[in-house]
Amino acid sequence: MVRSSGPLSSPPGSVFPDPSVLEGVTAPAFAHLPDPANLFARRAERFARLAQGHPLGPYLSFLAHIARAQHVAAERAPAPEPADAEAVERARAHEMPPLDRSHFTSDAAFEAIFDRLLSQARAIEKPEPAEAALAHVLAASDAERGEMIRNVLADSIPVEALAEHLYMAAALQVHFARRAAQLDAKALVPVGDGICPACGGPPVASVVVDWPSAAGARYCACALCGTWWNFVRVRCTACGSTGGIAYQEMEGGNGAIKAETCDACHSYAKVLYLSKDPDLDPVADDVASLGLDLKQKEGPYRRSTFNPFLLGY
Ligand SMILES: [Zn+2]
Ligand SMILES: [Zn+2]
């Protein structure tokens, strides 16, 4: 907080400075890195809460267990190899994300996470297709696993193998969140509209925050590594257009989740408002608000965001 001393910065009759004067001082940070020690535990709680009385209850409950398994895997695996400092600097100089998805190589940390996640997943009560998918992943060859990794990291998961890829995506989320957490948030730079400045992936949704340090600011949330990056409001997160933007929500909704539609690229992305619900989680609430996606299916807008737990919509 900056104390005002000059007459220009205080509204008449007030000892407090005009908030507009402070805007430059309290500019929201560009990026917030994930905290893997809390991210998945919080998400598990959110999924479990959303599951109660929800038409998708069994699936949300299953995902609560997956998020819990992600938390356990994150807790016990060895630390990932830190990104090479020179490569990070080179990426920054070229406005590229420091974590290069296209050259992913597995390491001991990822192997440990994948193995632990799968062993946790065996104990989860699940529907038959999810059970069969898990058995398939457990029996997969290194080459098949490599292909699944590439599919997830390219955000292009084959529709006929969604269930198998769910486990791989969950493991990669943990691994990339831990890698992103090792970066320096202040060193991240914008790399393009709708692209995570840490790992180069698309957002799962965007979030309008109510933090004292950034009240009313919007952040895009990465679907893979969990990094949040600042993105101005009323602007398409896919193409950057500021014209032709509109908002839709479910009838009877409390305004906590809206679809931001763009007439320039005919896409939509969800916006979550923390002031309406402080417990919102971009990944969990995106799945639970599937009704909004189903509503969009009738219209001209395609979904621009990515969520490995909500595919085929
Ligand atoms: Zn990311
Ligand atoms: Zn657009």
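Given the structure is predicted, the values throughout are model-derived calculations rather than measurements.

1. Here's the deal with the environment of Glu89
Tracing the backbone through its elements, the reader meets Glu89 in helix 4 (residues 85-93). For Glu89, a relative accessible area of 46% corresponds to the partly exposed category. Measuring from C-alpha to C-alpha, the distance between Glu89 and Leu272 comes to 33 Å, with 183 residues separating the pair along the chain.

2. With respect to the domain arrangement of the protein
We note that the domain assignment places domain 1 (31-181) and domain 2 (203-303) within the protein. The distance between the C-alpha centroids of domain 1 and domain 2 comes to 22 Å. Every contact between the two is made by 22 residues of domain 1 and, on the other side, 20 residues of domain 2. Approximately 1,700 Å² of surface area, both sides summed, lies buried where domain 1 meets domain 2, with 59% of it carried by carbon and sulfur atoms. It is His32, Arg43 and Arg46 that lose the most area in domain 1 upon contact with domain 2, and together they represent 33% of the buried surface on that side. There are 4 salt bridges connecting domain 1 and domain 2. Across the salt bridge formed by Asp277 and Arg46, the nearest N and O atoms sit 3.0 Å from each other.

3. Here we look at the packing of aromatic side chains
Inspection of the entire model under this criterion finds 6 aromatic pairs. With a centroid separation of 5.8 Å and 35° between ring planes, the pair formed by Phe104 and Phe176 is classed as tilted. Here Phe176 lies in helix 8 (residues 162-181) and Phe104 lies in the loop between helix 4 and helix 5 (108-122), a separation of 72 residues in the sequence. Neither residue differs from the other here; Phe104 and Phe176 are each classed as buried. An aromatic cluster of at least three residues, connected via ring pairs, comprises Phe104, Phe110, Phe114 and Phe176. The cationic tip of Arg179 hangs over the ring face of Phe176; the distance from NZ or CZ to the ring centre is 5.3 Å. The ring of Tyr273 is capped by Lys258, whose NZ or CZ atom sits 5.2 Å from the centre of that ring.

4. Overview of the coordination of the zinc ion (ligand 2)
At the metal site, the zinc ion (ligand 2) is ligated by Cys236 (SG), Cys239 (SG), Cys262 (SG) and Cys265 (SG), and these contacts range over 2.3 to 2.4 Å. Given 4 donor atoms and angles of 107 to 113° at the metal, the environment of the zinc ion (ligand 2) is assigned as tetrahedral. Between consecutive donor residues of the zinc ion (ligand 2), the sequence gaps follow C-x2-C-x22-C-x2-C. Of this pair, Cys236 sits in the loop between strand 4 (228-230) and strand 5 (245-248) while Cys265 sits in the loop between strand 6 (257-262) and strand 7 (267-273); the two residues are 29 residues apart in sequence, bridging distant segments of the chain.

5. Concerning the coordination of the zinc ion (ligand 1)
Taken together, the protein donors to the zinc ion (ligand 1) comprise Cys196 (SG), Cys199 (SG), Cys222 (SG) and Cys225 (SG), at separations of 2.2 to 2.4 Å. Here the zinc ion (ligand 1) is ringed by 4 donor atoms whose angles at the metal span 96 to 118°, and the overall shape comes out tetrahedral.

6. Considerations on the side chain of Thr261
Tracing the backbone through its elements, the reader meets Thr261 in strand 6. Here Thr261 is in contact with Gly244, Ile245, Ala246, Gln248, Ser267, Tyr268, Gln296 and Tyr301, once residues within four sequence places are set aside.

7. Focus on the UniProt feature "domain: FdhE C-terminal" (unreviewed entry) in the protein
UniProt feature "domain: FdhE C-terminal" (unreviewed entry): in the numbering of this structure it lies at residues 234-310. Regarding residues 234-310, the helix share stands at 18% and the strand share at 25%, and the terminal C-alpha atoms are separated by 24 Å.

8. Digging into the pairing of strand 7
Among the 7 residues of strand 7, 7 are classified as buried, and the element is accordingly described as predominantly covered. What you see with strand 7 is no split at all: Ser267, Ala269, Val271 and Tyr273 on one side and Tyr268, Lys270 and Leu272 on the other are buried throughout. Both strand 2 (residues 203-208) and strand 7 contribute to a ladder of 3 bridges, which runs parallel. The residue bridging Val207 from the neighbouring strand is Leu272, located in strand 7. In the sheet, strand 6 pairs with strand 7 via 6 bridges, with the strands oriented antiparallel.

9. Some thoughts on the nonpolar core
Among soluble globular proteins, nonpolar side chains are generally buried collectively. Ranked by size, the top nonpolar core spans 85 residues in total, and within it Phe47, Tyr167, Leu172, Phe176 and Phe309 carry the most contacts. Take this core: its biggest share by element is 11 residues, from helix 8. Lining this core are residues from two domains, each supplying at least three of them: domain 1 (31-181) and domain 2 (203-303). Setting aside its immediate chain neighbours within four residues, Leu172 contacts Phe104, Phe110, Ile149, Val152, Leu153 and Leu224.

10. A closer look at unusual backbone geometry
The backbone phi angle of Glu95 is positive, close to 55°, even though this residue is not glycine. Relative to the assigned elements, Glu95 resides in the loop between helix 4 and helix 5. Assessed through its relative accessible area of 51%, Glu95 is described here as exposed.

11. Focus: the UniProt feature "domain: FdhE N-terminal" (unreviewed entry) in the protein
In this numbering, the UniProt entry assigns the feature "domain: FdhE N-terminal" (unreviewed entry) to residues 29-192. From the first C-alpha to the last, residues 29-192 spans 17 Å; its make-up is 63% helix and 1% strand.

Here is what the cut-offs are and how they apply
- Every chain begins its residue count from 1, and numbering advances along the sequence as written.
- Think of it this way: whatever chain is written first is A, whatever ligand is written first is 1, and the rest follow in order.
- Only residues with pLDDT of at least 70 are given local features in this predicted model, and only at 80 or more are side-chain atom pairs given and counted; all residues enter the totals for whole chains, interfaces and linings.
- Side-chain numbers here rest on the full set of heavy atoms in the structure, without hydrogens or water.
- Numbering goes from the N terminus for both helices and strands, where a helix is a DSSP run of H or I of at least four residues and a strand is a run of E of at least two.
- Summary of the burial criterion: residues with accessible area below 20% of their type's maximum are buried, those above 50% are exposed, and those between are partly exposed, where the area comes from a 1.4 Å probe applied to protein chains only.
- A domain assignment, automatic or from a database, supplies the domain bounds used here.
- Any two residues whose heavy atoms approach within 4.5 Å are treated as being in contact.
- Simply put, the buried area is the total loss of 1.4 Å probe accessible area from both parts when two parts are fitted together.
- For salt bridges, the criterion is a side-chain nitrogen of Lys or Arg within 4 Å of an Asp or Glu carboxyl oxygen.
- Only Phe, Tyr and Trp rings are paired, with Trp represented by its six-membered ring, and only when their centres lie within 6.5 Å; those with planes under 30 degrees apart are stacked, over 60 edge-to-face, the remainder tilted.
- As a reminder, the over-ring test applies to NZ of lysine and CZ of arginine, requiring each to be within 6 Å of the ring centre and within 35 degrees of the ring normal.
- Coordination partners: N, O, S within 2.8 Å of the metal, 3.2 Å for Na, K and Ca; water not considered, so apparent gaps in a site are possible.
- Just to be clear on the cut-offs, tetrahedral is four donors with all angles between 85 and 135 degrees, square planar is four donors and octahedral six with opposite donors over 155 degrees apart and all others between 65 and 115, and anything else goes down as irregular.
- UniProt positions are given in the numbering used here, feature names are shortened, and annotations may be inferred rather than shown by experiment.
- Should DSSP find at least two bridges between two strands, the strands are taken to pair.
- Only buried residues count toward a nonpolar core. Its members are Ala, Val, Leu, Ile, Met, Phe, Trp, Tyr and Cys residues joined through side-chain atoms within 4.5 Å.

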